[in-house]
Amino acid sequence: MQIPVIDLAPYLEFSSNCSSAAELEAHSDLKSLCLEVSRTLKETGALLVKDPRCSAEDNDRFLDMMEKYFEMPDDFKRQQERPQLHYQVGVTPEGVEVPRSLVDGEMQEKLRSMPIESQPSRPAGPDPKWRYMWRVGPRPSSTRFKELNSEPVIPEGFPVWKDSMDSWGYKMVSAIEVVAEMAAVGFGLQKDAFTSLMNQGPHLLAPTGSNLKRHGQIGTVFAGYHYDLNFLTIHGRSRFPGLNIWLRNGQKMEVKVPVGCLLIQTGKQIEWLTAGECIAGMHEVAVTDRTIEAMKVASEKNRSLWRVSSTLFGHIASDAILKPLGHFAESPLACNYPPMCAGEFVELELAVINLKGSKEDDAS
C-alpha cells in the first residue's frame, strides 16, 4: 500500500476566498479530498502532503543549519540542555529519550505476537539521537503548565537561529492546521473542531540529529518503536532514509517522502479526540540498506553525515480538555478516552519516556 500525496493548494485557494460550511459542502471535489485525508489518517496513521507554502528549498536551508549545529562539540550542545524543564526546550542529548517499547510491558507483549516480518528493530537502550526543542507560536498568558510553555533557548554563534526556526516552524504548523481542518470535515465534525483546540498549543519544532559516523551500522535504532503523544506530527524530507511506520492492519512499511512533500503522522491526542477512530501511528527510525547507500553518496560529495529530521509536534493547547468530539462521544470506545486536561496527559506521557524525571535532580 502506498501513502497518497494530498495537494493542499485547492483547499488553500478555497479557504482564501470563502470559508462557510455550506460552500464547502457544495464543493464536491474538496469534500472528497477531505474524506480522503480522514480515511488515510484512519487507515495508515500517516499522510503525505504538498503545501505550496513549504518548499524543498525551505527544508534544505533548515537542514543545513541543523547539520551545522549537531556537528558542534557535545560540550557546546549541552549548554542548551534544560532537564529541569523536562527537555521541552533546548537540546536533549543522545541516551536520554527511552523508546516506549523498552518500558511498556503491554507493548512488548504485542510485539512478540507480531509476524517476524512486521516486528520492529530491537533497541539496545535509550535512543542514540540528539533532539532540539523550539517552541513555535504564541503561548497562553496564564497556564497551569508553565514547563510545557517555557521560553526558547538560543545557542551562541547562530545569528539566524531564531528567524530560521520560527520561519520553518510557522510553515509546518500552518500545514498541520490545514490538514486538521480537512480531517475534521472528513470525519463529519465542524471545520474548526481540531484547530480551535490547537490555538496557543505548545507546538514544538523538534529536529533530531543522529551521528551516522558513530552509529551508522545496519540495524542501529535511532528512535525505537513508539507513538507520538501529541496531536499531529509533521516532517520535512530527511537526507537519509530510515523511517518505518506501521499501518493500522499491522503492516510494516518504509516511508519514502517525495522531494517537496511533507509527512504527517497521527499522535495520541487525535486518537483521544476521535475515540480511537484514528489511532496514534507507531514508527521507528533505524539504519537500513537505503541509509547506507545515502551515506556513501554523502561521503563522496563531502556532505554532513548527521541524519537530521525536520520534525514538528503539533499539540492541543495545554489547558484544553481532551475528550471525544461530536459524534465520537457516542462511540462504544469513548469510555476508553475519559476527559483529561491536555497538559496533564502530556506530563504523564513524558514521565514514561524519561523526560520528566528531572524534578528529583533539582533537589540534589
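An unreviewed UniProt entry annotates the protein as Non-haem dioxygenase N-terminal domain-containing protein originating from Salvia divinorum.

**Quick notes on the packing of aromatic side chains**
Tallying each qualifying case throughout the model produces 16 aromatic pairs. Summarising the aromatic geometry, the rings of Y69 and F70 are spaced 5.5 Å apart at their centres and angled 65° between planes, so their arrangement reads as edge-to-face. We note that Y69, like F70, is buried. Aromatic pair F194 and F231: ring centres 5.3 Å apart, planes at 55°, arrangement tilted. Separated by 37 residues along the polypeptide, F194 in the loop between α8 (161–186) and α9 (195–198) and F231 in the loop between β7 (221–226) and β8 (232–235) bring together distant segments of the chain.

**Some thoughts on the pairing of strand β13 (residues 306–309)**
Neither face of β13 is open: one carries W306 and V308, the other R307 and S309, and all of them are buried. Of the pairings in the sheet, the one linking strand β6 (residues 208–211) to β13 comprises four bridges and is antiparallel in character. Along β13, the bridge assignment pairs G209 with V308.

**Thoughts on the side chain of Q265**
Relative to the elements of secondary structure, Q265 occurs in strand β11 (residues 262–266). By relative accessible area, Q265 is classed as buried at 1%. One polar contact links Q265 to H283, side chain to side chain, over a distance of 3.4 Å. In contact with Q265, other than residues within four places in its own chain, are G45, A46, F231, L232, T233, H235, L243, I245 and H283.

**A look at the pattern of salt bridges**
Applying the stated criterion to the full structure yields 20 salt bridges. Of the charged contacts in the structure, one is a salt bridge between D58 and K171, with a shortest N-O distance of 2.7 Å. Within this pair, whereas D58 is found in helix α4 (residues 56–70), its partner K171 is found in helix α8, the two being separated by 113 residues in sequence. Overall, D58 belongs to the buried group, its relative accessible area being 11%. As a salt-bridge pair, R214 and E94 come within 3.3 Å of each other at their nearest N and O atoms. Here the residue R214 occupies a position in helix α10 (residues 212–215), and E94 occupies one in the loop between β3 (90–92) and α6 (100–103), the gap between them amounting to 120 residues. A relative accessible area of 43% places R214 in the partly exposed class. Here the salt bridges do not stand alone but share partners, grouping D60, D64, E67 and R239 into one network.

**A look at the side chain of T40**
Mapped onto the secondary structure, T40 falls in helix α3 (residues 28–44). Within the local environment of T40, its side chain forms a polar contact with the backbone oxygen of E36, the two atoms lying 2.7 Å apart. In this structure, T40 is in contact with I3, P4, G45, A46 and L47, ignoring residues within four places of it in sequence.

**Some details on the packing of α4 against α8**
Running from N to C, α4 and α8 cross one another at 135°; their axes reach a closest spacing of 10 Å. As judged from the angle between their axes, α4 and α8 are oblique. When the axes of α4 and α8 are compared, the crossing they make is left-handed. Between α4 and α8, the residues in contact are D58, N59, F62, M65, M66 and Y69 and W161, S164, M165, W168 and K171, respectively. When grouped by side-chain class, the residues that make up the contact of α4 with α8 number seven nonpolar, two polar and two charged.

**Description of the packing of α3 against α8**
Across the interface, α3 lies against α8 with an axial gap of 7 Å and an inter-helix angle of 95°. Looking at the two axes, α3 sits roughly perpendicular to α8. Residue-level contacts link K31, L33, C34, L35, V37, S38 and L41 of α3 to V179, M182, A183, V185 and G186 of α8.

**With respect to the nonpolar core**
In terms of nonpolar packing, the biggest core is built from 77 residues, with M66 and F194 touching the most fellow members. In terms of residue count, α8 provides more of this core than any other element does, 14 residues in total. F194 has contacts with A180, A183, A184, F187, L189, F231, I270, L273, T274, I316 and L325, leaving out every residue within four places of it along the chain. By size, the runner-up hydrophobic cluster in this structure holds 21 residues, among which are I3, F222, C261 and A298.

**Things to note about the layout of surface pockets**
There is about 750 Å³ of room inside the largest pocket. If you go around the largest pocket, you meet 42 residues; those closest to its centre are G236, R237, S238, F240 and R307. For the lining of the largest pocket, the secondary-structure elements that each account for two or more residues are α4, β6, β7, β11, β12 (282–286), α12 (289–300), β13 and β14 (311–314). If one sorts the elements of the lining of the largest pocket by residue count, α4 sits on top with four residues. Counted by class, the lining of the largest pocket contains 17 nonpolar, 14 polar and 11 charged residues. Looking at the second largest pocket, its volume works out to about 500 Å³. Along the wall of the second largest pocket there are 22 residues; nearest its centre are M107, K110, Y227, K268 and M282. Elements with a contribution of two residues or more to the lining of the second largest pocket: α3, α7 (105–112) and α11 (268–273). Its residues placed into classes, the lining of the second largest pocket shows 10 nonpolar, four polar and eight charged.

So, how was this worked out
Per chain, the residues get numbers from 1 upward, laid out in the order the sequence is written. Given that this is a predicted model, residues contribute local features only at a pLDDT of at least 70 and side-chain atom pairs are listed and counted only at 80 or more, while totals for whole chains, interfaces and linings are drawn from all residues. Calculated side-chain values reflect all of the structure's heavy atoms, with hydrogen atoms and water omitted. Pairing of aromatic rings covers Phe, Tyr and the six-membered ring of Trp, with a centre-to-centre limit of 6.5 Å; geometry is then stacked below 30 degrees between planes, edge-to-face above 60, and tilted otherwise. Only protein chains enter the accessibility calculation, which uses a 1.4 Å probe; a residue whose area is less than 20% of its type maximum is buried, one above 50% is exposed, and one in between is partly exposed. Runs of H or I in DSSP of at least four residues are treated as helices and runs of E of at least two as strands, each being numbered from the N terminus. Only when DSSP finds a minimum of two bridges between them are two strands counted as paired. Side-chain atoms alone can form a polar contact between residues adjacent in sequence; in general such a contact is a pair of N or O atoms within 3.5 Å, and within protein one must be able to donate a hydrogen while the other accepts it. Working rule for contacts: check all heavy atoms of both residues, and any pair within 4.5 Å makes them a contact. Whenever Lys or Arg places a side-chain nitrogen within 4 Å of a carboxyl oxygen from Asp or Glu, that contact is recorded as a salt bridge. An axis is simply a line fitted to the C-alpha atoms; with a helix, the fit covers only the stretch in contact. Between two such axes, the angle follows the N-to-C directions and lies from 0 to 180 degrees. Working definition: roughly parallel below 35 degrees, roughly antiparallel above 145 degrees, roughly perpendicular at 65 to 115 degrees, and oblique for all remaining angles. Should the near helix be turned counterclockwise from the far one by less than a right angle, the crossing is left-handed, whereas a clockwise turn marks it as right-handed. When residues are sorted by character, Ala, Val, Leu, Ile, Met, Phe, Trp, Tyr, Cys and Pro go into the nonpolar class, Asp, Glu, Lys and Arg into the charged class, and all the rest, Gly among them, into the polar class. Among buried residues, the Ala, Val, Leu, Ile, Met, Phe, Trp, Tyr and Cys ones that are joined through side-chain atoms within 4.5 Å form a nonpolar core. Only protein atoms enter the 1 Å grid used here, on which a cavity is any set of points holding a 1.4 Å probe that cannot leave and a pocket is any open set flanked by protein within 12 Å on both sides along at least five of seven lines; residues with an atom within 4 Å of a point are listed as lining. Grid points are joined across faces, edges and corners, and a volume is the space filled by probe spheres set on the points.

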